[in-house]
There are 2 protein chains.
Amino acid sequence: MARTAFETHDHRHCIAESLVEAERTCAEQGLRLTPARRRVLEILLEEHRALGAYDILDRLRTEGWRAQPPVAYRALDFLTSHGFAHRVEGLNAFVACTHGKDGHAPVFLICRACNRVTEAEAELTSGALGRAAKAAGFRIEQTVREAIGLCPACLATEAA
Amino acid sequence: MARTAFETHDHRHCIAESLVEAERTCAEQGLRLTPARRRVLEILLEEHRALGAYDILDRLRTEGWRAQPPVAYRALDFLTSHGFAHRVEGLNAFVACTHGKDGHAPVFLICRACNRVTEAEAELTSGALGRAAKAAGFRIEQTVREAIGLCPACLATEAA
DNA sequence: CCGTGCTGTGTTATATAATTACGTGAGCTC
DNA sequence: GAGCTCACGTAATTATATAACACAGCACGG
Ligand SMILES: [Zn+2]
Ligand SMILES: [Zn+2]
Ligand SMILES: [Zn+2]
Ligand SMILES: [Zn+2]
């Protein structure tokens, strides 16, 4: 799965595949992908961008869901705690996972111009964080690694 | 300067040194370390922990400052944009810089038990973020690298 | 000396993000 | 069918951050 957000790709396929995978994982693990949870995941999958909880809420409302904030936050809690989505701390926003398996250490590249977000993988204790932790005797449980900058497309636009 | 937050050290000295350095830097660069800005920096320096803007605001108020939110946010904007403090995205909070020079790429180790934060340095384009950026053709302008976990002291406590 | 522009501050109001609290109902177990 | 758990509906509240506007101090050039 998972072309990066910055490459052109068959996005309908990309959405469908992620949904099927989420359904399979839920079935395997006895998790309930309820309508609200499923719809929020679909909304996140529609674009490789991070959406705020209230953006999602607005989407749900225009679709007739008469939803209050907890609806979105509950769905997002479910999705993030089971690895179907991630929170992007630098944006107070959420993005669908493009790497399937639960429990990884995601890194994000966030374009400040077009807002697209692409995800890659790291080791929990790799890099500068890992070295600092080792030196300090710190046990890492979770990491936040995000870069803000310009994606290839927006770099090209800027140059023009 | 800058013992890590997880080592015992002469913290009065640590505060004083940071303040002197900030004053020197401001003098050199024609920046104005006004009373509000200075006091907020002092508050951040008091502990190696991240404080929310409203925590700082409360501190100012108990000291008689009759301060509204913009007071804190303006001071924090000044401090963060000139490298005297950093924003910890994972906590929506702020911490004094322990590495002097402006324009570095900080990494943070955040203890979820005692809340202390220690800072180390990275290269802007190093590690998994740098590799992902290179592969994608992404230009990194700024990074967020934070680890949540347990500091040595809290690890020891937990083991007991 | 006076106007002008700049920077920082005081204050009110508002916007945005997230959580608490409490009740309801569906499905399951025994 | 009583008791349990999980998810959801809803209202209210808290937490975080910014907008907008008035004004004071000060440097600069006339
Ligand atoms: Zn896609
Ligand atoms: Zn872009
Ligand atoms: Zn110290
Ligand atoms: Zn600790």
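Going by the annotation in an unreviewed UniProt entry, the name recorded for chain A is Transcriptional repressor, with Rhodosalinus halophilus given as the source organism. UniProt, in the comment section headed Sequence similarities (unreviewed entry), describes chain A in these words: "Belongs to the Fur family."

**Q** Please provide a residue-by-residue account of the pattern of salt bridges, values included.
**A** Tallying each qualifying case throughout the model produces 26 salt bridges over all chains. Ionic pairing is found between A:Arg49 and A:Glu47, a salt bridge with its closest N-O pair at 2.9 Å. Judged by its relative accessible area of 23%, A:Arg49 falls in the partly exposed class. The closest approach of N and O atoms between A:Arg112 and B:Glu141, which form a salt bridge, is 2.6 Å. Placement of the pair is A:Arg112 in the loop between strand S3 (105-111) and strand S4 (117-122) and B:Glu141 in strand S5 (residues 139-150), with the two residues belonging to separate chains. Looking at A:Arg112, the relative accessible area reads 45%, which means it is partly exposed. One continuous salt-bridge network, built from bridges that share partners, spans A:Glu23, A:Arg38, A:Arg39, A:Glu42, A:Glu46, A:Arg59 and A:Glu63.

**Q** Explain the protein's contact with DNA strand C to me, and be specific about the residues and the numbers.
**A** The environment of DNA strand C is made up of 14 residues, and the closest members are A:Tyr54, A:Tyr73, A:Arg87, B:Thr34 and B:Arg74. Contacts to DNA strand C include B:Arg74, whose side-chain N or O atom sits 2.7 Å from a base oxygen. The biggest single contributor to the surface near DNA strand C is helix H4 (residues 69-81) of chain A, with 4 residues. Of the residues contributing to the surface near DNA strand C, the split by class is 5 nonpolar, 3 polar and 6 charged.

**Q** Talk me through the relation of the copies chain B and chain A; I want residue IDs and the actual numbers.
**A** Between the two copies, chain B and chain A, the superposition gives an RMSD of 0.0 Å; the rotation angle is 180 degrees and the shift along the axis is 0.0 Å. In symmetry terms, the pair is related by a two-fold rotation axis. Looking at the rotation axis and the C-alpha trace of chain B, the residue lying nearest is B:Arg145, at 2.3 Å. Of the interface residues in chain B, 100% have counterparts in chain A that sit at the interface too, so the contact is made through matching surfaces.

**Q** Just give me the short version of the sheet that holds strand S4 (residues 117-122) of chain B, but keep the residues and values in it.
**A** Taken together, the 6 strands give an open sheet; going across it, the order is S4(A)-S3(A)-S5(A)-S5(B)-S3(B)-S4(B), and neighbouring strands pair in mixed fashion. Whereas interior strands pair on both sides, the edge strands pair on one side only; in this sheet they are S4 of chain A together with S4 of chain B. Adjacent strand axes in the sheet meet at a mean angle of 20 degrees, parallel and antiparallel pairs treated alike. Two elements, strand S3 (residues 105-111) of chain B and S4(B), share 6 bridges in a ladder whose sense is antiparallel. Each residue of the ladder has a partner; that of B:Pro106, found in S4(B), is B:Glu121. Relative to the sheet, helix H5 (residues 127-136) of chain A contacts strand S5 (139-150) of chain A together with S3, S4 and S5 of chain B, its axis offset from that of S3(B) by approximately 50 degrees. In the packing of helix H5 (residues 127-136) of chain B onto the sheet, the strands contacted are S3, S4 and S5 of chain A together with S5 of chain B, and the crossing angle to S3(A) comes to about 50 degrees.

**Q** How would you explain the coordination of the zinc ion (ligand 2) if you had to name every residue and give the values?
**A** All names here are of chain A. Surrounding the zinc ion (ligand 2) are the protein donor atoms Cys111 (SG), Cys114 (SG), Cys151 (SG) and Cys154 (SG), which sit 2.2 to 2.3 Å from the metal. Geometry at the zinc ion (ligand 2) is tetrahedral, judged from its 4 donor atoms and the angles of 105 to 113 degrees they form at the metal. Coordination of the zinc ion (ligand 2) draws on donor residues from a single chain, spaced C-x2-C-x36-C-x2-C in sequence. Cys154 sits in the buried class, given a relative accessible area of 14%.

**Q** Pulling in residues and values, what's your account of the coordination of the zinc ion (ligand 4)?
**A** Residue and element names in this part refer to chain B. Binding of the zinc ion (ligand 4) to the protein goes through Cys111 (SG), Cys114 (SG), Cys151 (SG) and Cys154 (SG), at separations of 2.2 to 2.4 Å. For the zinc ion (ligand 4), the 4 donor atoms are set out with angles of 106 to 113 degrees between them, so the coordination reads as tetrahedral. One chain supplies every donor to the zinc ion (ligand 4), and in sequence these donors are spaced C-x2-C-x36-C-x2-C. With Cys114 in the loop between S3 and S4 and Cys151 in the loop between S5 and helix H6 (152-159), this residue pair connects regions lying 37 residues apart in the sequence. What makes Cys114 partly exposed here is its relative accessible area of 24%.

**Q** Now, about the interface of chain B and chain A: what can you tell me, with residues and values included?
**A** The figure often quoted for interface size is the accessible area lost as the parts come together. The interface of chain B with chain A comprises 36 residues on the first partner and 36 residues on the second. Across the interface of chain B and chain A, roughly 2,800 Å² is buried in total on both sides, 64% from carbon and sulfur atoms. One can count 4 salt bridges joining chain B with chain A. Taking the shortest distance from any N to any O, the salt bridge between A:Glu158 and B:Arg139 comes out at 3.4 Å. Those elements that provide at least two residues to the side of chain B that touches chain A are S3, S4, H5, S5 and H6 of chain B. Sorting elements by how many residues they give to the side of chain B that touches chain A places S5(B) first, with 12 residues. Here the residues of the side of chain B that touches chain A sort into 22 nonpolar, 6 polar and 8 charged.

So, how was this worked out
- Residues numbered from 1 in each chain as written.
- Chains lettered and ligands numbered in written order.
- Predicted model: local features only at pLDDT ≥ 70, side-chain atom pairs only at ≥ 80, totals over all residues.
- Heavy atoms only, no water.
- UniProt positions renumbered as here; feature names shortened; annotations may be inferred.
- Salt bridge = Lys/Arg side-chain N within 4 Å of Asp/Glu carboxyl O.
- Buried < 20%, exposed > 50% of the residue type's maximum accessible area, 1.4 Å probe, protein only.
- Helix = DSSP H or I, 4+ residues; strand = E, 2+ residues; numbered from the N terminus.
- Near = heavy atom within 4 Å.
- Polar contact = N/O pair within 3.5 Å; in protein donor to acceptor, adjacent residues only side chain to side chain.
- Nonpolar A, V, L, I, M, F, W, Y, C, P; charged D, E, K, R; others polar.
- Least-squares fit on C-alpha atoms with pLDDT ≥ 70 in both.
- Contact = heavy atoms within 4.5 Å.
- Pairing = 2+ DSSP bridges.
- Axes fitted to C-alpha atoms, helices over the stretch in contact; angles between N-to-C directions.
- Donors = N, O, S within 2.8 Å, 3.2 Å for Na, K, Ca; no water.
- Tetrahedral: all angles 85-135°; square planar, octahedral: opposite > 155°, others 65-115°.
- Buried area = accessible area lost by both parts, 1.4 Å probe.

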